[in-house]
Amino acid sequence: MTFKHFLWDASVTKNKPLTVKNIAEFFFDNPTEAYRFTRALLLVKEKSVLRLRDCPKDLPVTTWKRYLDFGAQAGLLQHEGLVYSMSARFPQALKNFAGYAAKWLQDGSATENAKDIFPDAKKGVEKSRRTKPNM
């Protein structure tokens, strides 16, 4: 994970459209990870308050938890008790990115579709990597 901080100077972000893709690509270089993080963010934004049991069953609960917890660690989400909600708590080092993400939280479109944004990402549950010997 590399933070491309130079892409988030005030002059550069002034003309950027507000999309969740820019937020996800800030944290993840891998399209599958960015897709899953995007889905988690869009789900929380759509429902305003999200519990793990309310997440779709197309991904395991542990995957949802991993990306929702990452969002909480990054400052995009707030996790209290069993509930995830939107937040805007960023460290000072991410000040320029924080302004962009805060605008997306307030003004960005909730109709963005993660499948359209990351078409090359692996979607759904991956098959098990464990192999059992044939007996």
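Residues numbered from 1 in each chain as written. Predicted model: local features only at pLDDT ≥ 70, side-chain atom pairs only at ≥ 80, totals over all residues. Heavy atoms only, no water.

Participant: Now, about the environment of Arg 53: what can you tell me, with residues and values included?
Facilitator: Within the fold, Arg 53 resides in the loop between β1 (49–51) and α4 (61–74). Residue Arg 53 is classed as exposed on the basis of its relative accessible area, which comes to 62%. A sequence separation of 29 residues divides Arg 53 from Leu 82, and the C-alpha atoms of the two residues are 9.5 Å apart. (Helix = DSSP H or I, 4+ residues; strand = E, 2+ residues; numbered from the N terminus. Buried < 20%, exposed > 50% of the residue type's maximum accessible area, 1.4 Å probe, protein only.)

Participant: Got a sec to walk through the layout of surface pockets? Specific residues and values, please.
Facilitator: Put simply, the largest pocket is a space of about 160 Å³. Forming the walls of the largest pocket are 12 residues, and the residues nearest its centre are Arg 39, Leu 42, Glu 46, Glu 112 and Ala 114. Taken together, the elements giving at least two residues each to the lining of the largest pocket come down to α3 (31–47) and α6 (114–117). Looking at the lining of the largest pocket element by element, the count peaks at 5 residues for α3. Of the residues that constitute the lining of the largest pocket, the class distribution is 7 nonpolar, 1 polar and 4 charged. (1 Å grid on protein atoms, 1.4 Å probe; cavity = no way out; pocket = protein on both sides within 12 Å on 5 of 7 lines; lining within 4 Å. Points joined across faces, edges and corners; volume = space filled by probe spheres on them. Nonpolar A, V, L, I, M, F, W, Y, C, P; charged D, E, K, R; others polar.)

Participant: Break down the pattern of salt bridges for me, with residues and values.
Facilitator: Summed over all chains, the structure comprises 2 salt bridges. Between Asp 58 and Arg 39 there is a salt bridge; the shortest N-O distance is 2.7 Å. With a gap of 19 residues between them, Asp 58 in the loop between β1 and α4 and Arg 39 in helix α3 connect regions that are remote in the sequence. Here Lys 65 ties to Asp 69 by a salt bridge, and the two come within 2.9 Å at their closest N and O atoms. With Lys 65 and Asp 69 both in helix α4, this residue pair falls 4 residues apart, about one helical turn. The class of Asp 69 is partly exposed, set by a relative accessible area of 22%. (Salt bridge = Lys/Arg side-chain N within 4 Å of Asp/Glu carboxyl O.)

Participant: Explain the packing of aromatic side chains residue by residue, including any values.
Facilitator: Across all of its chains, the model carries 7 aromatic pairs by this definition. Note on Phe 26 and Phe 27: the rings are 5.1 Å apart at their centroids and 85° apart in plane angle, and the pair reads as edge-to-face. On the basis of relative accessibility, which here comes to 3%, the residue Phe 26 falls in the buried class. Taking the centre distance of 5.1 Å and the plane angle of 50° together, the rings of Phe 28 and Phe 70 count as tilted. On the criterion of sequence distance, the pair formed by Phe 28 in the loop between α2 (20–27) and α3 and Phe 70 in helix α4 is long-range, its members being 42 residues apart. With a relative accessible area of 15%, Phe 70 lands in the buried category. Grouped by ring-pair contacts, the aromatic residues Phe 26, Phe 27, Phe 28, Phe 37, Tyr 67 and Phe 70 constitute a single cluster. (Phe/Tyr/Trp six-rings, centres within 6.5 Å; stacked < 30°, edge-to-face > 60°.)

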